[in-house]
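Now for the letters of each chain:
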Amino acid sequence: MNRADHENVKETSGNTYLKELLRDIPDSVLEKSNLGEYAKIYMFQMKYGDPANFSYQMSKNDLAFVLHALIKNEVELNDDTLEKLRKLLFEIDDSLILKSKCSRAGIEYLIYQKYGEHRVQAAYGKTAICIDFITIKSNSIAIEGNIKWNIFSGENVPEIFAVVGEHRYAAKVVDRVEKGKLLGAVVSKVLEFQTEIPIEAADSSIRIDFYIGVDDELKCVNNVRFGKFAPLSEKLDYAYYACNNWVLKRQGNALYMTYRKATLWDELHFLYELARGNLKGGKKAILARISYHLLKILKRRPIWIFMDKADRADDNAECLLDYIMTLPDDKVRRYFMIGKHSEDYKRLKKKYHVVSYLSYKHKLLLLLSDYTISGYIHEEIYNPFYNYNDPYRDLLQNVKYIFLDHGVKKDALAHSLSKYKKNMKMMVCTGIPEYQSIVNDNNYGYANEQIALTGLCRYDRLYDDSKHHKIVAIMPTWRSYLTNGMIREKSKFLLKKGFKSSDYYKFYVNLITSERLLDSLKKHGFELHFVPHPTMFPYANLFPSSDLVKVWGTEVVHRSIYAKSNLLVTDYSSLAFDFANLKKPIIYCQFDLDEFYGKGGHRSSSYFDFERDGFGEVVYSLEETIDMIIHYVEEGCVMKPIYRQRVDEFFKYHDKNNCKRVLEAIKGIE
């Protein structure tokens, strides 16, 4: 260990700035730090009392552990606390700061805060560029990609060039929505670049190099990577992409194009590399690629793949396919993907060509398909090779992903639905403000014609049968921060430990067991139906049922619940739009608003304000929720005029032709 690590920090007990800094640090951060037992005791005594009677000599290493704990726990510092941090940094050796577990941009930020100047050498010549998309057109090649740019690598935005021989093609560079943060400060950002290079068959071969320029200094990029939607991979030397009579390959950190058709030798060289290498899934890909090429020769019809969830159908994809089945045969071969152990599997086999989800046949069919059509965005739906897709990237270029959505998009979702995250060929919208929020947000990255304002397919099936029932439905959405990963094959999310101690669980248990609420419902002849989000279906038995309270799981049919229910109680869920479409009353219960939309929460807020735009009252506590339910039950469960007007203004269409419009939009894709 460096001698400086052991050097005592002078006059620490009287160090006012350290005391003040500790007061700004949550106790949990200190508890989770790598400080030793005595160091923690000393820190807490300094924070809350006088440590004079406690004999401990704090080292610079201890101070570094405080810094590392702040970084690890993503503590956001305000201006006052940041000033205290600067003083702390002066007591820590640079060598310990450089060992902080954060990005290079974060290290540069900390050194800058310590000295007020750049002391970490900017190395933009070594900056990696990532190529996301390559489109080979008849007379040009369009290249889109990104670089992660550290704020402290230079004050000016870098220039990016594609160079072909003596010709230099400047790329358009813009910010993406992604930002890298440290202690609440933005320290890096993602820059998107786009360039288009003219190509001619007469050239026969073209080499494309990439350069980055900052402050009039130009350097060749020596680290080119490829995103998951690119047709090549830096992991494979013999990968190739054949399109429009051009064959594209990687040569080191350059692209190399040859005007010719792909040959058997191109494929054999590639298969030989897969056979000799240790790439995950590489050897299995050999058989898959051989099968693909043989079946491609025999393919006579277009292939469309439909899918809702891995374990459940009866959503937009099934609705659309049912509609298509009523039309004259158009010579398209259609398949529905669903888990073999799903309750819907046998039912669907009676009317469709059904293939088991993530089976070998599913993966092979997807490579051969023209469209993958789904209302869900889990990556394995449109790319079942989600974590080993390098050997298939050239083949996946031909698959068009159509996103039917599983609900109205009311939040800012560019971070999860953008072109760079999902690369959809078309996205379906239902509401006018929803549509506008996407086409007016450049962070999504799609062309306007890729956003189809058609309405959700399942809205064609909505109906109202509430006159024959008395039901209050409670249907909350899920919370991603209460889950801990998922089993992809079953599309099953796992709950974090301590779920029963969460505010979410305790709130809904208290609501559905409230004696005051149940007495009122019983008096007016109502039942209460609790329907958790499908993510929570495996855990429905954690919620108590009774004579008046029915808890639903996988057996639920959502449109039946919407039809029979007189009143919906939800929180932030997009299913409220389905219910609103039927002009029936809604209560938004948002007891955990700050947690849901806060740091590390489930969603980021967007154009839709529940108080201003919602289709019912917004309540924020258990008692308010109970009061509002009782109010509607006593008043006959009728949607108020102000909310009926909002429904009329939000939805573009109020008919049963959504499937027709969606199909027309798909057929209209170039």
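Residues numbered from 1 in each chain as written. Predicted model: local features only at pLDDT ≥ 70, side-chain atom pairs only at ≥ 80, totals over all residues. Heavy atoms only, no water.

What to know about the packing of aromatic side chains
Here comes step 1: Under the counting rule described, the total for this entry stands at 37 aromatic pairs.
Here comes step 2: For the pair Trp304 and Tyr371, a centre-to-centre distance of 5.2 Å together with 75° between the ring planes defines the contact as edge-to-face. In this pair, Trp304 is assigned in strand E13 (residues 303–307) and Tyr371 in strand E16 (residues 371–374), connecting sequence segments 67 residues apart. Tyr371 matches Trp304 in its accessibility class, with the two residues each being buried.
Here comes step 3: Every member of this aromatic cluster is reached through a ring pair, and the members are Tyr459, Tyr572, Phe577, Tyr588, Phe596, Tyr597, Tyr607, Phe608, Phe610, Phe615, Phe650 and Phe651.
Here comes step 4: Residue placement shows Lys419 over the ring face of Phe133; its charged tip is 4.9 Å from the ring centre.
Here comes step 5: When the ring centre of Tyr653 is taken as reference, the NZ or CZ atom of Lys652 above it lies at 5.9 Å. (Phe/Tyr/Trp six-rings, centres within 6.5 Å; stacked < 30°, edge-to-face > 60°. Helix = DSSP H or I, 4+ residues; strand = E, 2+ residues; numbered from the N terminus. Buried < 20%, exposed > 50% of the residue type's maximum accessible area, 1.4 Å probe, protein only. Lys NZ or Arg CZ within 6 Å of the ring centre and 35° of its normal.)

Re the sheet that holds strand E23 (residues 527–530)
Here comes step 1: Read across the sheet, 6 strands follow the order E24-E23-E20-E25-E26-E27 without closing on themselves; strand pairing throughout is parallel. What marks the edges here is a single partner per strand, and that holds for strand E24 (549–551) and strand E27 (616–619). Across the sheet, the mean angle from the axis of one strand to that of its neighbour is 20°, orientation sign disregarded.
Here comes step 2: Relative to strand E25 (residues 567–570), strand E20 (residues 471–474) is paired through 3 bridges, and the arrangement is parallel. If you follow Ala473 over to E25, its bridge partner there is Leu568.
Here comes step 3: Strand contacts of helix H24 (residues 622–635): E20, E25, strand E26 (586–589) and E27, with the helix running at about 155° to E27, the strand carrying the most contacts. (Pairing = 2+ DSSP bridges. Axes fitted to C-alpha atoms, helices over the stretch in contact; angles between N-to-C directions. Contact = heavy atoms within 4.5 Å.)

Notes on H24
Here comes step 1: A rise of 1.5 Å per residue sets the reference length of H24, with its 14 residues, at 20 Å; its end C-alpha atoms lie 20 Å apart and thus fit the reference within 8%.
Here comes step 2: Where H24 is concerned, the buried positions are Thr625, Ile626, Met628, Ile629, Ile630, Tyr632 and Val633.
Here comes step 3: Residue Gly636 follows H24 closely and has a positive phi angle near 90°. (Expected span 1.5 Å × (residues − 1).)

A closer look at a positive patch on the surface
Here comes step 1: A cluster of basic residues, Arg301, Arg333, Lys340, Lys349 and Lys361, forms a positive patch on the protein surface.
Here comes step 2: With respect to the element layout, Lys361 can be found in helix H13 (residues 360–368). (Patch = residues over 30% accessible without salt bridge, like charges linked within 9 Å, V, L, I, M, F, W, Y side chains within 5 Å. Areas by Shrake-Rupley, 256 points an atom, 1.4 Å probe, with all protein chains shown as cover. Salt bridge = Lys/Arg side-chain N within 4 Å of Asp/Glu carboxyl O. Lys, Arg positive; Asp, Glu negative; His and termini not counted. Charge placed at Lys NZ, Arg CZ, Asp CG, Glu CD.)

Examining the environment of Asp344
Here comes step 1: Relative to the helices and strands, Asp344 resides in the loop between strand E14 (333–338) and helix H12 (345–349).
Here comes step 2: The sequence separation of Asp344 and Arg168 amounts to 176 residues, and the corresponding C-alpha distance is 56 Å.
Here comes step 3: If sequence neighbours within four positions are ignored, Asp344 has contacts with Arg312, Ala313 and Ile338.

Examining the sheet that holds strand E1 (residues 129–136)
Here comes step 1: An order of E5-E6-E2-E1-E9 is seen for the 5 strands of this open sheet, with the pairing classed as mixed. Edge positions in the sheet fall to strand E5 (172–182) and strand E9 (224–226), since each of these pairs with one other strand and no more. Strand-to-strand, the axes of this sheet are offset by a mean angle of 30°, without reference to chain direction.
Here comes step 2: Sheet topology note: the E5/strand E6 (residues 185–198) ladder contains 8 bridges and is antiparallel. Each residue of the ladder has a partner; that of Leu182, found in E6, is Ala185.
Here comes step 3: The sheet contacts of helix H8 (residues 104–115) involve strand E2 (140–150), E5 and E6, and relative to E6 the element is tilted by about 130°.

What to know about the pattern of salt bridges
Here comes step 1: Taken as a whole and judged by the stated rule, the model has 44 salt bridges.
Here comes step 2: Residues Glu108 and Arg104 are paired through a salt bridge, measuring 3.3 Å at the closest nitrogen-oxygen approach. Placement of the pair is Glu108 and Arg104 together in helix H8, with a separation of 4 residues, close to one helical turn.
Here comes step 3: A single network of salt bridges, built from pairs that share partners, joins Asp314, Glu318, Asp322, Asp344, Arg347, Lys351, Arg461 and Arg559.

Here's the deal with the environment of Arg300
Here comes step 1: Considering the arrangement of structural elements, one finds Arg300 in the loop between helix H10 (282–298) and E13.
Here comes step 2: It is 9.1 Å that separates the C-alpha atoms of Arg300 and Lys331, two residues lying 31 residues apart in sequence.
Here comes step 3: Within the structure, Arg300 has its side chain in polar contact with the backbone oxygen of Ile297 (distance 2.8 Å). (Polar contact = N/O pair within 3.5 Å; in protein donor to acceptor, adjacent residues only side chain to side chain.)

Notes on the nonpolar core
Here comes step 1: In this structure, Leu320, Phe543 and Phe615 are the most contacted members of the largest nonpolar core, which totals 101 residues.
Here comes step 2: The contacts of Leu320, once residues within four sequence positions are left out, are Phe306, Ile373, Leu404, Cys457, Cys659, Val662, Leu663 and Ile666.
Here comes step 3: In this structure, Ile143, Ile147, Leu236 and Leu396 belong to the second largest nonpolar core, which totals 65 residues. (Core = buried A, V, L, I, M, F, W, Y, C linked by side-chain atoms within 4.5 Å.)

Some points on a nonpolar patch on the surface
Here comes step 1: A surface patch of nonpolar side chains, about 480 Å² in accessible area, is lined by Ile290, Leu294, Leu295, Ile297 and Leu298.
Here comes step 2: Along the chain, Leu298 falls in helix H10.

Considering the state of the cysteines
Here comes step 1: Scanning all chains against the criterion turns up 0 disulfides.
Here comes step 2: Lacking any disulfide linkage, Cys130 is separated from the closest cysteine sulfur, that of Cys220, by 17 Å.
Here comes step 3: Looking at Cys130, the relative accessible area reads 18%, which means it is buried.
Here comes step 4: Lacking any disulfide linkage, Cys637 is separated from the closest cysteine sulfur, that of Cys589, by 16 Å. (Disulfide = S-S within 2.5 Å.)

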